[in-house]
Amino acid sequence: VGSGERREFASHKLSGRGRKILFAMFARKRIIGTVVTALTIVFLMVVMGVCQFFTQFDATAETARIMEEHSGTVFAMRKGYLDRDDPSATLETSRLLHVPEEDIAAFREAGYKGNIFPLYNVSVLTNEGQGAIWSLQTYQTVNDSQNYKQFYCQTGLGVLQVTEDYLIERYGVDGKLNVLSGEIKEEGDEVILTDYLADSIYTYHRERRPTPAEFAASGDKYYKITNGKMFNSRYRVAAVIETGYKERYASLIEGMQKGEKLSDIDSDLVMQFYNELNDGLNLAYTVAPDFKEAYDAENDRNFAYFGEAIAETEGSSAPLSTGYFYRDKSLKDDEIRIRSDIYAKIIGRELGPEDQEAAKGKKIKLKFSYLYEDVPYLEREFTVAGLFTANGGNSFFCSYDVLKELFPQAVYPYALYFDDMQGATAIYELGTELGYAVQSPLFSAMYSVSKYASVFVEFFDIIIFVLYALVAITLMAFAAGSVKKCMYEIGVLRAMGAKTHDLVIVFVLQMVLVSIAVCLLAGLGLWLGADVCNAVLAEGFAAVTKNAVMAELQFINFSWTTVFIDAGVMFGLIILCAAVPILLLRSIKPREIIRAKE
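Definitions and cut-offs
Residues numbered from 1 in each chain as written. Predicted model: local features only at pLDDT ≥ 70, side-chain atom pairs only at ≥ 80, totals over all residues. Heavy atoms only, no water. Helix = DSSP H or I, 4+ residues; strand = E, 2+ residues; numbered from the N terminus. Buried < 20%, exposed > 50% of the residue type's maximum accessible area, 1.4 Å probe, protein only. Contact = heavy atoms within 4.5 Å. Areas by Shrake-Rupley, 256 points an atom, 1.4 Å probe, with all protein chains shown as cover. Patch = residues over 30% accessible without salt bridge, like charges linked within 9 Å, V, L, I, M, F, W, Y side chains within 5 Å. Salt bridge = Lys/Arg side-chain N within 4 Å of Asp/Glu carboxyl O. Lys, Arg positive; Asp, Glu negative; His and termini not counted. Charge placed at Lys NZ, Arg CZ, Asp CG, Glu CD. Phe/Tyr/Trp six-rings, centres within 6.5 Å; stacked < 30°, edge-to-face > 60°. Arc of directions from axis to C-beta. Axes fitted to C-alpha atoms, helices over the stretch in contact; angles between N-to-C directions. Parallel < 35°, antiparallel > 145°, perpendicular 65-115°, else oblique. Left-handed = near helix turned anticlockwise from the far one by under 90°. Nonpolar A, V, L, I, M, F, W, Y, C, P; charged D, E, K, R; others polar. Disulfide = S-S within 2.5 Å. Core = buried A, V, L, I, M, F, W, Y, C linked by side-chain atoms within 4.5 Å. Polar contact = N/O pair within 3.5 Å; in protein donor to acceptor, adjacent residues only side chain to side chain. Pairing = 2+ DSSP bridges.

Q: Looking at this model, I keep getting lost on the overall build of the protein chain. Mind explaining?
A: On a plain count of helices and strands, the protein chain comes out with 24 helices and 17 strands. Burial status across the protein chain gives 49% buried among its 598 residues. The contacts in the protein chain between residues at least 6 apart in sequence include a share of 78% that link residues at least 24 apart. Put simply, the protein chain shows about 29000 Å² of open surface, and 55% of that area lies on carbon and sulfur atoms.

In structure tokens form, the structure reads like this:
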């Protein structure tokens, strides 16, 4: 070749075998680097996958799932009172408040599609000797510590108006209820008791138990309960249905009968029991659409309750705490009989013998309102017909017509039960805005923990973006490193006429195979590690809340869909990162590389 002449090597197109040889040669040059890069990307993808699984956590759905497993098929919210003028006030639930129709409409407008069942303040008494006798119809909440001194309750929590289909779904076997006594009626004021409530009556009232001879003759254990008679003028029983509670809580019953403390019994079982008491076992039921009207008509509103009250006479105004109005058929509509100590409060001094007769004919104006309800004070003037002495709640007697006028809500719903657990959980926050409290302690803890977890979702979205960027940077660094590590060989091949696209294909193939290995390892790691990560997180929440049920929360659920999406993104990044070897290979000058190597 003469001076000034330039000779070009012949151009050769690599065959498939030639690319394999080059691939093997280039791969041997970066074995350690390839392994380190692959493991780095595997780690990044596993962390990224766990974060993605976490961002898919649905607090509402997960809370509903746990509640359905541990607390049956209903979600109960009880009306409470919140002082809107006091920002630091907490929801007051020590009294029972009337649920207005407007609240039910608000839940519907918020998107709730399931059934909404009202729980009426009709007290189903099991132990008539307890202070809880008048609790539900006098706005008082049943005190759990008093009500559940032993396994069986002393007072039921009210009457839930449902459909028979609901009862079958809740307690039915093979599509039907096992009615142990009586018959289910679809009209009137009679109620359906669970076998738990009926057995509670047995616990405190031996006279309700049939003798061996009576049982042998009738074969009906509960016929003395379902004979249609009124219990303390409060309710009549149409039927007793089987719930299977004895089988579910056999160990709990045995422990409590032995006198064991609840703290020494399986805490999960105890919580499940208390949740089921609130959600079903300790409720009476009615499937009669006209229950409220029938109960009002049958019971003649024997009494009513008012909260804050003021009594006024000539020159005297006395605040009264609480009082009961009872029906007295002998009184005219403008007359009232008053308990002596209440009258002493009204006139502001102790009563003398002469006051008993002097009180008759006195005019008294009563101003009162339901405790905690946002209604104006009601006002009515009465003529005192006489005084009486009594202990306890007997405060006033008046005519039945006055009772109906002053206390139109003697029977009212104080709580709502929702049969679509997930839908009800979704409107829980609306319920809190409307002044409702959830009866289940399990739900309160579960919802709080789930919401705490949801706070981190946006934070994990940022982490996922950063991890994607790190994967891209690692792939580009790997591509650039692979080219630089094989510079001399590339220079020789280029000098011999190898085409750039042949070399690019070899490097891209190397990246593809590494990515396939990475995706397989990352998928396997996520499949094996998702449950481990979830267990660590859930156990941590269980330890902090001291509630073993929290360990059942699924914050992280493995998803093949997420894995395949990440794999797709990985191969998309490979296409983008292919620009790195293309640019580097185009900039290589073979003679300078070979000379530098020599």
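Read on, since the account is not over.
Q: Would you explain the side chain of Asn-534 in this entry?
A: Within the element layout of this structure, Asn-534 appears in helix 21 (residues 500-545). Among residues more than four places away in sequence, those in contact with Asn-534 are Leu-553, Gln-554, Phe-555 and Ile-556.

Q: I tried to follow a negative patch on the surface on my own but got confused; where do I start?
A: There is a patch of like negative charges on the surface, built from Glu-186, Glu-187, Asp-290 and Glu-293. Among the structural elements, Asp-290 can be located in the loop between strand 7 (284-286) and helix 12 (291-299).

Q: Explain the pattern of salt bridges to me, please; I cannot follow it from the model alone.
A: A side chain of one charge can pair with a side chain of the opposite charge when the charged atoms of the two come close. Scanning all chains against the criterion turns up eleven salt bridges. One salt bridge in this structure joins Lys-79 and Asp-103, with 2.8 Å as the shortest N-O distance. Within this pair, whereas Lys-79 is found in strand 1 (residues 75-79), its partner Asp-103 is found in helix 4 (residues 101-109), the two being separated by 24 residues in sequence. A relative accessible area of 11% means that Lys-79 is categorised as buried. Judged by its relative accessible area of 7%, Asp-103 falls in the buried class. Note that Arg-339 is salt-bridged to Asp-341, the shortest N-O span being 2.6 Å. A residue is classified by how much of its surface remains accessible, and Arg-339, at 10% relative accessible area, is buried.

Q: Sorry, what's going on with a nonpolar patch on the surface here?
A: Together, Ile-462, Phe-465, Val-466, Leu-470, Ile-473 and Met-476 make up a nonpolar patch on the protein surface, roughly 580 Å² of accessible area in all. With respect to the helices and strands, Val-466 occurs in helix 19 (residues 457-485).

Q: Can you help me understand the packing of aromatic side chains in this one?
A: One pair of aromatic rings is described through two measures. These are the centre distance and the angle between the planes. Counting across every chain of the model gives 24 aromatic pairs. On the numbers, 6.3 Å between centres and 75 degrees between planes, the contact of Tyr-196 with Phe-273 is edge-to-face. With Tyr-196 in helix 7 (residues 195-204) and Phe-273 in helix 11 (residues 267-281), this pair connects stretches of sequence that are 77 residues apart. Of the residues examined, Tyr-196 reaches a relative accessible area of 0% and is grouped as buried. Ring centres 5.7 Å apart and planes at 55 degrees place the aromatic pair Phe-273 and Tyr-274 in the tilted group.

Q: Please explain helix 10 (residues 250-257) as it appears in this structure.
A: Two residues of an α-helix separated by three or four positions point the same way, owing to the 3.6 residues in each turn. Regarding helix 10, the residues found buried are Leu-252, Ile-253, Gly-255 and Met-256. Here the buried residues of helix 10 occupy an arc of 165 degrees about the axis, which is enough to place them on one side. Looking one or two places after helix 10, you find Gly-259, whose phi comes out positive at around 90 degrees.

Q: Any chance you could explain the packing of helix 2 (residues 31-55) against helix 22 (residues 560-577) here in plain terms?
A: When two helices pack together, their arrangement is given by the angle between their axes and by how far apart the axes lie. It is at 11 Å that the axes of helix 2 and helix 22 come closest, and there the two elements cross at 135 degrees. The angle between helix 2 and helix 22 places the two elements in the oblique class. Crossing handedness for the pair helix 2 and helix 22: right-handed. In contact with Ile-41, Met-45, Met-48, Gly-49, Gln-52 and Phe-53 of helix 2, helix 22 contributes Thr-562, Val-563, Asp-566 and Met-570. Classifying every residue of the contact of helix 2 with helix 22 by side-chain character gives six nonpolar, three polar and one charged.

Q: Honestly, the state of the cysteines in this entry has me stumped. Any pointers?
A: Note on terminology: disulfide describes a covalent bond linking the sulfur atoms of two cysteines. Applying the stated criterion across every chain, the model contains zero disulfides. Cys-51 carries a free sulfur, and the closest cysteine sulfur to it, the one in Cys-533, is 9.4 Å from it. Given the relative accessible area of 4%, Cys-51 is considered buried.

Q: Just checking my understanding: could you explain the environment of Val-384 for this structure?
A: Position of Val-384 among the secondary structure elements: in strand 14 (residues 378-388). A relative accessible area of 2% means that Val-384 is categorised as buried. Separated by 48 residues in sequence, Val-384 and Ile-336 place their C-alpha atoms 5.1 Å apart.

Q: Before we go on, may I ask you to explain the nonpolar core in this structure?
A: Taken as a class, soluble globular proteins show a tendency for nonpolar side chains to be buried jointly. Ranked by size, the top nonpolar core spans 60 residues in total, and within it Phe-151, Leu-193, Tyr-196, Leu-252, Tyr-285 and Tyr-417 carry the most contacts. If we ignore the near neighbours within four places in the chain, the residues touching Leu-193 are Val-124, Ala-198, Ile-201, Ile-225, Val-237, Ala-239, Val-240, Ile-241 and Ala-284.

Q: Hey, could you run me through unusual backbone geometry in this one?
A: Trans is the common state for peptide bonds, and a negative phi is the common state for residues other than glycine. Positive phi outside glycine occurs at Asp-174, with the angle close to 55 degrees. Within the secondary structure, Asp-174 sits in the loop between helix 6 (164-171) and strand 4 (179-182). What makes Asp-174 exposed here is its relative accessible area of 77%.

Q: Explanation requested: the side chain of Thr-425 in the structure shown.
A: With respect to the helices and strands, Thr-425 occurs in helix 16 (residues 421-426). Note on Thr-425: relative accessible area 0%, which makes it buried. Side-chain polar atoms of Thr-425 contact the backbone oxygen of Met-421, separated by 2.7 Å.

Q: In this structure, what is going on with the environment of Ser-515? I would like to understand it.
A: Structurally, Ser-515 is set in helix 21. Of the residues examined, Ser-515 reaches a relative accessible area of 1% and is grouped as buried. Along the sequence, Ser-515 and Ile-41 sit 474 residues apart, while their C-alpha atoms lie 8.7 Å from each other.

Q: What should I look at first to understand the pairing of strand 6 (residues 237-241) in this one?
A: Each regular strand shows side chains that alternate between the opposite faces of the sheet. For strand 6, the buried fraction is high: five of the five residues fall into the buried class. Two elements, strand 4 and strand 6, share three bridges in a ladder whose sense is antiparallel. Across the sheet, residue Ser-181 finds its bridge partner in strand 6, namely Val-240.

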